[in-house]
Amino acid sequence: METELMRIGVSLPDTLLDKFDGIIENRGYSSRSEGIRDAIRSYISYYEWMNDIKGHRVGTLGFIFDYTKHGLSNALTDIQHHYSHLIKSSMHIHLDHEDCFEVVVLNGDGKEIAELSEAMMALKGVKFSKLTTVESNENV
């Protein structure tokens, strides 16, 4: 099945593009386009997985954010307070003058855990976010 290719334009910081180009070269991609297609496929797969989180879950949400971004720390805290019934623990680490790393341990409804994760990763200044969950086993 042939698919029509669409041309798009993307603006990226030079440091991000340099890192991406290094990965493209190391993995042996024939072009940036192929690497971008692969990255988009991975992003779509992760998004679909997040939308399928159901039932009682336990997990972690790890994220890196720009501490100097005005209002971001307050927005992250507000989201965490809204979902405080899911949060069992958290750890905050200062990576450098600008970046912080936080890990949040979660326990509760999978849909709500996914909502919490989506709300935080959508904030401007959150540089990285990764949710990992497993089904809760009440007998463990």
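Preceding this paragraph is the structure being described.
## Comments concerning a nonpolar patch on the surface
(1) Moving on: A contiguous nonpolar patch, built from Ile8, Val10, Leu12 and Leu16 and spanning about 390 Å² of accessible area, is present on the exposed surface.
(2) Moving on: Considering the arrangement of structural elements, one finds Ile8 in the segment before helix 1 (14-27).

## Brief notes about the sheet that holds strand 3 (residues 99-109)
(1) Moving on: Spatial ordering of the open sheet is given by 2-3-1-4, a layout of 4 strands whose pairing is antiparallel. Every other strand in the sheet has two partners, leaving strand 2 (87-94) and strand 4 (126-135) as the edge strands with one partner each. Going across the sheet, the axis of each strand differs from the next one's by a mean of 10°, ignoring polarity.
(2) Moving on: Bridge analysis of strand 1 (residues 56-66) against strand 3 gives 11 bridges, and the strand direction is antiparallel. In the strand pairing of strand 3, Val58 is matched with Asn107.
(3) Moving on: Most of the contacts of helix 4 (residues 110-121) go to strand 3, to which it runs at about 160°, and overall it touches strand 1, strand 3 and strand 4.

## Some remarks on the pairing of strand 1
Residues in a regular strand project their side chains so that they alternate between the two faces of the sheet.
(1) Moving on: With 9 bridges connecting them, strand 1 and strand 4 associate as antiparallel partners. Note that in strand 4 the partner of Gly59 across the bridge is Thr133.

## As for the side chain of Arg57
(1) Moving on: For Arg57, the location among the structural elements is in strand 1.
(2) Moving on: Lacking a salt bridge, the buried Arg57 has Glu135 as its closest oppositely charged neighbour, with an N-O distance of 4.0 Å.
(3) Moving on: Within the structure, the side chain of Arg57 is placed 2.9 Å from the side chain of Thr133, a separation counted as a polar contact.
(4) Moving on: Excluding residues that lie within four positions of it along the chain, Arg57 makes contacts with Leu106, Asn107, Gly108, Gly110, Ile113, Thr133, Val134, Glu135 and Ser136.

## Comments concerning the pairing of strand 2
(1) Moving on: Bridge count between strand 2 and strand 3: 7 bridges; the pairing is antiparallel. Pairing of His94 across the sheet is with Cys100, part of strand 3.

## Structural notes on the nonpolar core
(1) Moving on: Core analysis: the biggest nonpolar cluster contains 21 residues, and Phe63, Phe65, Leu76, Leu106, Met120 and Leu131 have the highest contact counts within it.
(2) Moving on: Among the elements of the structure, helix 2 (32-50), strand 1, helix 3 (72-82), strand 3, helix 4 and strand 4 are those that each provide at least two residues to this core.
(3) Moving on: If you tally residues by element for this core, the top one is helix 4, at 4 residues.
(4) Moving on: Among all residues touching Met120, those that are not within four sequence positions of it are Leu61, Phe63, Leu76, Ile79, Gln80 and Val126.

What counts and what doesn't
Note on numbering: residues in each chain are counted from 1, in written sequence order. In keeping with the predicted nature of the model, local features appear solely for residues at pLDDT of at least 70, side-chain atom pairs appear and are counted solely at 80 or more, and the whole-chain, interface and lining totals rest on all residues. Note that water and hydrogens are dropped before the side-chain values are worked out from all heavy atoms of the structure. Only residues whose relative accessible area exceeds 30% and that form no salt bridge are eligible for patches; like-charged ones are grouped when within 9 Å, while nonpolar side chains (Val, Leu, Ile, Met, Phe, Trp, Tyr) are grouped when within 5 Å. For the accessible areas, the method is Shrake-Rupley and the probe is 1.4 Å, while residue cover comes only from the protein chains on display. We define a salt bridge as a contact between a side-chain nitrogen of Lys or Arg and a carboxyl oxygen of Asp or Glu at a distance within 4 Å. Under the DSSP-based scheme used, a helix requires at least four consecutive residues in state H or I and a strand at least two consecutive residues in state E, with every element numbered from the N terminus. Note: two strands are recorded as paired if DSSP finds a minimum of 2 bridges between them. Lines fitted to C-alpha atoms define the axes, with helix axes restricted to the stretch in contact, and inter-axis angles between N-to-C directions lie between 0 and 180 degrees. What makes two residues a contact is simply this: any of their non-hydrogen atoms within 4.5 Å. Think of it in three bands: with a 1.4 Å probe and only protein chains considered, a residue is buried below 20% of the maximum accessible area for its type, exposed above 50%, and partly exposed in between. Only four residue types enter the charge count, namely Lys and Arg as positive and Asp and Glu as negative; His and the chain termini do not. In protein, a polar contact means a hydrogen-donor-capable atom and an acceptor-capable atom, both N or O and within 3.5 Å, with residues adjacent in sequence counting only if both atoms are side-chain atoms; elsewhere, any N or O pair within 3.5 Å suffices. The nonpolar core is taken to be a set of buried Ala, Val, Leu, Ile, Met, Phe, Trp, Tyr and Cys residues, with the residues joined through side-chain atoms within 4.5 Å.

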